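# Examination of the molecular architecture
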Amino acid sequence: TAKMVGRACYRIYSAADTERGRHRQRLSEALIASLKTAPGEFSVVYQPQYHLATGKVAGLEALLRWNHPEFGPVSPGDFVAIAEQRSHIHELTEHLVRCVLSDLSTHADKLPKGLGLAINISARQITDSRLEALLAPLFERIRSVGWVPEVEITETHLMNLSRQCLNRLREFGEQGVVVAIDDFGTGYSSLAYLHALPVQVLKIDRQFIWRLGGKSRDPRIVSAILGIAEALDLEVVAEGIETEDQHNRLRELKCHRGQGFLMARPAPWQELISLFID
Ligand code: C2E
Ligand code: MG
Ligand code: MG
Ligand code: MG
């Protein structure tokens, strides 16, 4: 079958495309059903973030997991996109909030005070009128264990920022919630616009961290981002640090914080706690 894409451009779909489409459709139906009826399929893992200068833990990023009995663990890249398309991102965040609240109710006192606890928010839900009520209890709990709530928003979706959206980001700021731009460098932020955004943190996308090491050893983009951040008084987090080489280079470049498989993989709450009490 051929389908019109844009004006006069045809794309021919193969049998494999059709199969992929069917799989995606089944996955999509399963996600919507699970969001409604199977809370046990959702869980959260936490990846520590470190101060690169000292090696001390700086915070945790909460990452949602979905394990379906038939499909197995589904990548968040896939299920977040489906939830966005099917307008179920609010329900997804409800599960995240429920899981984090439950995790924080045990052993949070075993971890240092002053940590950041970051959650990922889809830019499409920033202006959702239900968001504030959903996140308020979570922010409150995070503060009550002596930590700082953080919200990460992916840069690619930030380009069509409305006034409403900017206001919501400002409200986060007023409530003492740190706002970070995720996957920085992959989207369309202009300098003028970054200056106007009420954000405090840039998270450099891991493709630029990869380029630091290996054959290319290209520090230019990371250096440029650190320069922009310094001019705008923002903190920088490097994500996806996998090698000692990348780690060393980031320290030389005076990048503030980092996270990656080299230091720690995302782990369930109980496992994370045991990392700190051993
Ligand atoms: P992200 O926010 O940029 O999260 C970082 C991703 O990089 C995570 O993938 C993490 O496991 C992975 N990662 C961390 N260190 C390394 C490393 O050293 N090497 C490599 N190769 N990967 C590393 P994950 O958990 O699969 O999440 C993918 C994306 O899904 C996230 O990207 C985030 O945009 C989205 N996501 C995850 N949880 C949620 C959620 O609760 N809500 C929303 N809206 N999006 C979420
Ligand atoms: Mg993130
Ligand atoms: Mg990221
Ligand atoms: Mg990323």
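The structure this text deals with has already been given above.
Residues numbered from 1 in each chain as written. Chains lettered and ligands numbered in written order. Predicted model: local features only at pLDDT ≥ 70, side-chain atom pairs only at ≥ 80, totals over all residues. Heavy atoms only, no water.

Now for the site of ligand 1. Within the structure, ligand 1 sits among 21 residues, and Arg65, Asn120, Asp182, Glu242 and Phe261 are positioned closest to it. Arginine 206 places a side-chain nitrogen or oxygen 3.1 Å from an oxygen atom of ligand 1. Considering ligand 1 on its own, with 800 Å² of exposed area, one finds that the protein chains cover 85% of that surface. At the level of elements, strand 4 (57-68), helix 2 (76-85) and strand 8 (178-184) are the ones that each hand at least two residues to the shell around ligand 1. Top contributing element to the shell around ligand 1 by residue count: strand 4, with 4 residues. Along the lines of polarity and charge, the residues of the shell around ligand 1 split into 8 nonpolar, 5 polar and 8 charged. (Near = heavy atom within 4 Å. Polar contact = N/O pair within 3.5 Å; in protein donor to acceptor, adjacent residues only side chain to side chain. Areas by Shrake-Rupley, 256 points an atom, 1.4 Å probe, with all protein chains shown as cover. Helix = DSSP H or I, 4+ residues; strand = E, 2+ residues; numbered from the N terminus. Nonpolar A, V, L, I, M, F, W, Y, C, P; charged D, E, K, R; others polar.)

Attention now moves to helix 8 (residues 220-232). Helix length check: helix 8 (13 residues) gives 18 Å between terminal C-alpha atoms against 18 Å at 1.5 Å per residue, within 8%. Residues Val222, Ile225, Leu226 and Ala229 constitute the buried set of helix 8. Buried residues of helix 8 fall within an arc of 100 degrees about the axis and therefore sit on the same side. For helix 8, the exposed residues lying more than 90 degrees away from the buried face are Arg220 and Ala231. Taken together, the buried residues of helix 8 touch strand 8, strand 9 (201-204), helix 7 (206-210), strand 10 (235-239) and helix 9 (244-252). At the exit of helix 8 stands aspartate 233, carrying a positive phi of roughly 60 degrees. (Expected span 1.5 Å × (residues − 1). Buried < 20%, exposed > 50% of the residue type's maximum accessible area, 1.4 Å probe, protein only. Arc of directions from axis to C-beta. Contact = heavy atoms within 4.5 Å.)

Protein coordination at the magnesium ion (ligand 3) comes from Asp182 (OD), Asp183 (OD), Glu239 (OE) and Glu239 (OE), with a distance range of 1.9 to 2.7 Å. Positions of the donor residues of the magnesium ion (ligand 3) along the chain correspond to the pattern D-D-x55-E. A separation of 3.8 Å is found between the magnesium ion (ligand 3) and the magnesium ion (ligand 2), which share aspartate 182 as a coordinating residue. For aspartate 182, a relative accessible area of 5% corresponds to the buried category. (Donors = N, O, S within 2.8 Å, 3.2 Å for Na, K, Ca; no water.)

For helix 4 (residues 131-144), spanning 14 residues, the distance from its first C-alpha to its last is 20 Å, which sits close to the expected 20 Å at 1.5 Å a residue. The set of residues buried in helix 4 consists of Leu131, Leu134, Leu135, Leu138, Phe139 and Ile142. On its buried side, helix 4 packs onto helix 3 (89-104), strand 6 (116-121), strand 7 (148-154) and helix 5 (163-174). Where helix 4 ends, the next residue or the one after it, glycine 146, has phi of about 85 degrees, a positive value.

Attention now goes to unusual backbone geometry. In the Ramachandran plot, histidine 107 falls in the positive-phi region, its phi being about 65 degrees despite a non-glycine side chain. Structurally, the position occupied by histidine 107 is in the loop between helix 3 and strand 6. Histidine 107 gets classed as partly exposed once you look at its relative accessible area, which sits at 34%. With a phi angle near 65 degrees, lysine 254 is a residue other than glycine that sits in the positive phi range.

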